[in-house]
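Survey of secondary and tertiary structure
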Amino acid sequence: MRTDDGFDGIADAVREHGWQVVPAFLSPAAVSALAADCRARDAAGELAAAATGRAQGRALSELRGDRTRWFDETALSPAQRLYWDAMQALRQALNRRLLLGLETLEAHYALYPPGTGYARHRDRFRDSDARVLSSVLYLNRDWRPDDGGALRLHLPDGPHDVAPLGGTLALFLSADVEHEVLPATRERMSIAGWFRRREAA
Ligand code: OGA
Ligand code: MN
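Residues numbered from 1 in each chain as written. Chains lettered and ligands numbered in written order. Predicted model: local features only at pLDDT ≥ 70, side-chain atom pairs only at ≥ 80, totals over all residues. Heavy atoms only, no water.

1. A look at the sheet that holds strand S10 (residues 158–162)
One open sheet holds the 4 strands; their spatial order is S7-S12-S9-S10, and the pairing between them is antiparallel. Each end of this open sheet is capped by a strand with a single partner; those strands are strand S7 (118–121) and S10. Neighbour to neighbour, the strand axes of the sheet diverge by 15° on average, direction disregarded. Examined bridge by bridge, strand S9 (residues 151–155) and S10 share 5 bridges and lie antiparallel to one another. Directly across from leucine 151, in S10, lies its bridge partner valine 162. (Pairing = 2+ DSSP bridges. Helix = DSSP H or I, 4+ residues; strand = E, 2+ residues; numbered from the N terminus. Axes fitted to C-alpha atoms, helices over the stretch in contact; angles between N-to-C directions.)

Below is the structure:
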């Protein structure tokens, strides 16, 4: 795990730019434990085709091709615990420096089969402003540029592609940054996480 100094740098970048990419956020050992956990759950049928939206607006999606599984905070596997603890440390560091009021974390595994992606979107639901900061931690070993599968951030000065290499953590403001997942030639695994504030009543 990175030191608090590293976390302060992340907070400054988020404040200045609204996004940041952190290489090697978790150790290679933690990343492979998470990848193995994700793959085992998928083999056991625990991952399900993703939907978009909430409640009545919820629909199986043509926009995205991934299978997902939400983390249960009360029943984290040892691998998930490594992720959860690092993200809580990051949340506290961000709150100390940014006053974003990040209170909770929600997260799910995502597995994109080859050839699938996620069309351009923002991460806030139409009916909720609870999601403040989006994160994606990648779980893929030895990702090469010609494997595709970039996270494309649509920034004011143009698109910025992030390779989904194991250990990389992408962070961006949920309300502001449009983004998409480009199709890959191989299976692409990640953990999507959102830091949330209390919803306005
Ligand atoms: C999402 C998302 C990006 C990625 O799950 O909302 O945009 O790189 N994921 O997996
Ligand atoms: Mn998204």
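2. A word on the coordination of the manganese ion (ligand 2)
The manganese ion (ligand 2) binds to the protein through His121 (NE2), Asp123 (OD) and His179 (NE2); the donor distances cover 2.0 to 2.1 Å. The motif formed by the donor residues of the manganese ion (ligand 2), counted along the single chain, is H-x1-D-x55-H. Linking aspartate 123 in the loop between S7 and strand S8 (131–138) with histidine 179 in strand S12 (residues 178–181), this pair joins segments that are 56 residues apart in sequence. Neither aspartate 123 nor histidine 179 differs from the other in exposure class; each is buried. (Donors = N, O, S within 2.8 Å, 3.2 Å for Na, K, Ca; no water. Buried < 20%, exposed > 50% of the residue type's maximum accessible area, 1.4 Å probe, protein only.)

3. Structural notes on the site of ligand 1
Every residue lining ligand 1 is accounted for by Tyr118, His121, Asp123, Val136, Tyr138, Leu151, His179, Val181, Arg188, Ser190, Ala192 and Trp194. Contacts to ligand 1 include aspartate 123, whose side-chain N or O atom sits 3.2 Å from an oxygen atom. A distance of 2.8 Å separates an oxygen atom of ligand 1 from a polar side-chain atom of arginine 188. Contact with the protein chains hides 98% of the accessible area of ligand 1, taken as 290 Å² for the molecule alone. (Near = heavy atom within 4 Å. Polar contact = N/O pair within 3.5 Å; in protein donor to acceptor, adjacent residues only side chain to side chain. Areas by Shrake-Rupley, 256 points an atom, 1.4 Å probe, with all protein chains shown as cover.)

4. Some words on the pattern of salt bridges
Opposite charge on two side chains allows them to pair when their charged atoms are near. A full pass over the atoms with the stated rule returns 18 salt bridges. The shortest N-O distance in the salt bridge between aspartate 12 and arginine 15 comes to 2.9 Å. Here arginine 15 and aspartate 12 lie together in helix H1 (residues 4–17), a separation of 3 residues that amounts to about one turn. Linking arginine 198 and glutamate 103 is a salt bridge whose minimum nitrogen-to-oxygen distance equals 3.3 Å. You can see arginine 198 sitting in the segment after strand S13 (188–196) and its partner glutamate 103 sitting in the loop between helix H3 (78–98) and strand S6 (104–112), a full 95 residues away along the chain. Judged by relative accessible area, arginine 198 falls into the exposed class, the value being 62%. For glutamate 103, a relative accessible area of 36% translates into the label partly exposed. Each of the salt bridges in this network shares a partner with another, and the network as a whole consists of Asp8, Asp12, Arg15 and Arg97. (Salt bridge = Lys/Arg side-chain N within 4 Å of Asp/Glu carboxyl O.)

5. What to know about the side chain of arginine 64
Here arginine 64 is to be found in the loop between strand S4 (59–60) and strand S5 (67–70). For arginine 64, a relative accessible area of 13% corresponds to the buried category.

In short, geometric facts, not functional conclusions.
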